[in-house]
Amino acid sequence: MELTDTFITFKPRHRWKRAVTQDELTALVERELRNHLGQRLAFTQPIEMRMNEMISGVKSDVGVKIYGDDFAVLVAKAKEVEAVLKSVPGSADINVEQVTGQPVLQVKVKQYEIARYGVPAQAVLDLVECIGSKPVGEVVEGQYRFPLALRLPDAHRADPEAIGKMLVAAPSGERIPLSRLATVELTEGPSTITREWGQRRITVTCNVRGRDLGGFVAEARRRVAEDVRLPPGRYHVAWGGQFEHLQRANARLLVVVPVAFVLIFGLLYLTYGSVLDALRVFTGVPFAWVGGIVALWLRDMPFSVSAAVGFVALSGVAVMDDMILVSYVRQLRARGVPLDEAVRQAATTRLRPVLMTTLVACLGFLPMAFGTGVGAEVQRPLATVVIGGVIGAMVMSLLVLRVLYSVFQMPFRGRSDRPGAVAPEPAGEPVPAGGSTLQEAVR
């Protein structure tokens, strides 16, 4: 058997005795099976494997496709690529597509010998064809038709030596062994001929463990370009596999992220009617991204598509804390409270709502961040980014936003004191009798 898929169904994780995570279990299984001869192992998920195979024709995370005409050159270059991939940190389950190894009986007619004995080449070829089966006619029984073929007995088809002893009749009546008229030998031929875009192809596949897929592919591409020299002509290398999904996702994110930022800023501007206040609230987005990056670093998680989606979702969640603070500062400023005092009161009195907003997001994503069930590999990076981001946004909102509000308020002080806001009374100015109620109503 040349290729087979083995599906392993896990027991519940609380019954596992020698492993905690699926990566640890994979390492244990590989350690038990690696010493069995004649096999090459690759570990993946069933649905993931089928999707990768349908989309890119490669079952693993990364596939290096080498195109060309000569099988010998393709096999040699595939070995070189395999050696390069083994030297790249993070590579696992490296496998070269098996394209050779099929036993082939090769019979080459000796032209000078058949000319010497006067044996037609077709007579030799007919005998060789009978080793398999030679159609000679058709048997008809009523409406049924059956092909009629000649096939030599198994004793004459057992090995090349027995085939070489078969006799061929010469025109002179002499019977000559086939070994005199042709070279009969058992050679190794191609077991699979894979073509893509009209060219022969051989694929070197590998999985990536312990590092991000994009960084691995970038380093592997550079190393292959430096160390593997292809012959001139129709030989070239193409890269495929799961990382193609990452490339397509990155291309979409280059559009989605700017659109999300524009929409968030537009909604903030419609809420406050001020570009300056919208920018103050929008500063929570880069602060939150810093928290998300730190969270990924602390948990030793690579950047992935799910993590990128988490950053997009975080961009909308991160502005909530800043909106609470900025809205309250605007209310205090409208009452005539000085800027420094308004910022201080907002940070003090709005601490509880800010903490509640952060805790709601953190506690909601906490099961996903530490989940180990089905789909946890996708959920953990997303939840980790959101939790780290909202915590970072909260800290930055309470500490840094106060400074930003004070600094960027100075050139626009006249704009913030809107018409209709009553300025505070000068210190020591007496309040007319009976005017306190009216003055409070105006405020």
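## Topic: helix H13 (residues 319-334)
Then comes step 1: Compared with the 22 Å implied by 1.5 Å per residue over 16 residues, the 22 Å span of H13 between its first and last C-alpha is a close match.
Then comes step 2: For H13, the full list of buried residues reads Val 319, Asp 321, Asp 322, Leu 325, Val 326, Tyr 328, Val 329, Leu 332 and Arg 333.
Then comes step 3: In the stretch just after H13, Gly 336 is the one whose phi turns positive, near 95 degrees.

## Thoughts on empty space enclosed by the protein
Then comes step 1: Counting across every chain of the model gives two cavities of 30 Å³ or more.
Then comes step 2: Approximately 40 Å³ is the volume found for the second largest cavity.
Then comes step 3: Val 317, Ala 318, Met 320, Asp 321, Thr 357, Thr 358, Ala 361, Val 390 and Ala 393 are the residues that line the second largest cavity.
Then comes step 4: For the lining of the second largest cavity, the per-class residue count stands at six nonpolar, two polar and one charged.

## A closer look at the nonpolar core
Then comes step 1: Counting 27 residues, the largest nonpolar core has Val 62, Val 81, Leu 85, Val 204, Phe 216 and Trp 239 as its most contacted members.
Then comes step 2: Element by element, the count of residues in this core is highest for helix H3 (residues 71-86), at six residues.

## Some words on unusual backbone geometry
Then comes step 1: A positive phi angle is found at Trp 197, which is not glycine, with a value near 55 degrees.
Then comes step 2: For Trp 197, the position within the fold is in the loop between strand E9 (195-196) and strand E10 (199-208).
Then comes step 3: For Asp 300, which is not a glycine, the phi torsion comes out positive at approximately 55 degrees.
Then comes step 4: Counting through the fold element by element, Asp 300 comes out in the loop between helix H11 (284-298) and helix H12 (305-317).

## Comments concerning the packing of aromatic side chains
Then comes step 1: What the rule picks out here adds up to five aromatic pairs.
Then comes step 2: Ring geometry for Phe 261 against Phe 282: centres 5.7 Å apart, planes inclined by 90 degrees, an arrangement best described as edge-to-face. Note that Phe 261 is positioned in helix H9 (residues 243-272) and Phe 282 in helix H10 (residues 275-282), a separation of 21 residues in sequence.
Then comes step 3: Taking relative accessible area as the criterion, Phe 282 reaches 18% and is therefore assigned buried.
Then comes step 4: Aromatic pair Phe 261 and Trp 289: ring centres 5.8 Å apart, planes at 55 degrees, arrangement tilted. Residue Phe 261 is found in helix H9, and its partner Trp 289 is found in helix H11; the two are separated by 28 residues along the sequence.
Then comes step 5: Three or more aromatic residues joined by ring pairs form one cluster here, namely Phe 261, Phe 265, Phe 282, Trp 289 and Phe 311.
Then comes step 6: In this structure, Arg 299 is placed above the aromatic ring of Phe 370, and the distance from its NZ or CZ to the ring centre is 4.7 Å.

## Things to note about the pattern of salt bridges
Then comes step 1: One pass over the structure, following the stated rule, counts 14 salt bridges.
Then comes step 2: For Arg 211, the salt bridge is made with Glu 219, and the minimal N-O distance between the two is 2.9 Å.
Then comes step 3: Relative accessible area serves as the criterion here: at 24%, Arg 211 is assigned to the partly exposed category.
Then comes step 4: Taken together, the salt bridges that share partners define one network made up of Arg 211, Glu 219, Arg 223 and Asp 227.

What counts, and where the lines are drawn
- Residues numbered from 1 in each chain as written.
- Predicted model: local features only at pLDDT ≥ 70, side-chain atom pairs only at ≥ 80, totals over all residues.
- Heavy atoms only, no water.
- Helix = DSSP H or I, 4+ residues; strand = E, 2+ residues; numbered from the N terminus.
- Expected span 1.5 Å × (residues − 1).
- Buried < 20%, exposed > 50% of the residue type's maximum accessible area, 1.4 Å probe, protein only.
- 1 Å grid on protein atoms, 1.4 Å probe; cavity = no way out; pocket = protein on both sides within 12 Å on 5 of 7 lines; lining within 4 Å.
- Points joined across faces, edges and corners; volume = space filled by probe spheres on them.
- Nonpolar A, V, L, I, M, F, W, Y, C, P; charged D, E, K, R; others polar.
- Core = buried A, V, L, I, M, F, W, Y, C linked by side-chain atoms within 4.5 Å.
- Phe/Tyr/Trp six-rings, centres within 6.5 Å; stacked < 30°, edge-to-face > 60°.
- Lys NZ or Arg CZ within 6 Å of the ring centre and 35° of its normal.
- Salt bridge = Lys/Arg side-chain N within 4 Å of Asp/Glu carboxyl O.

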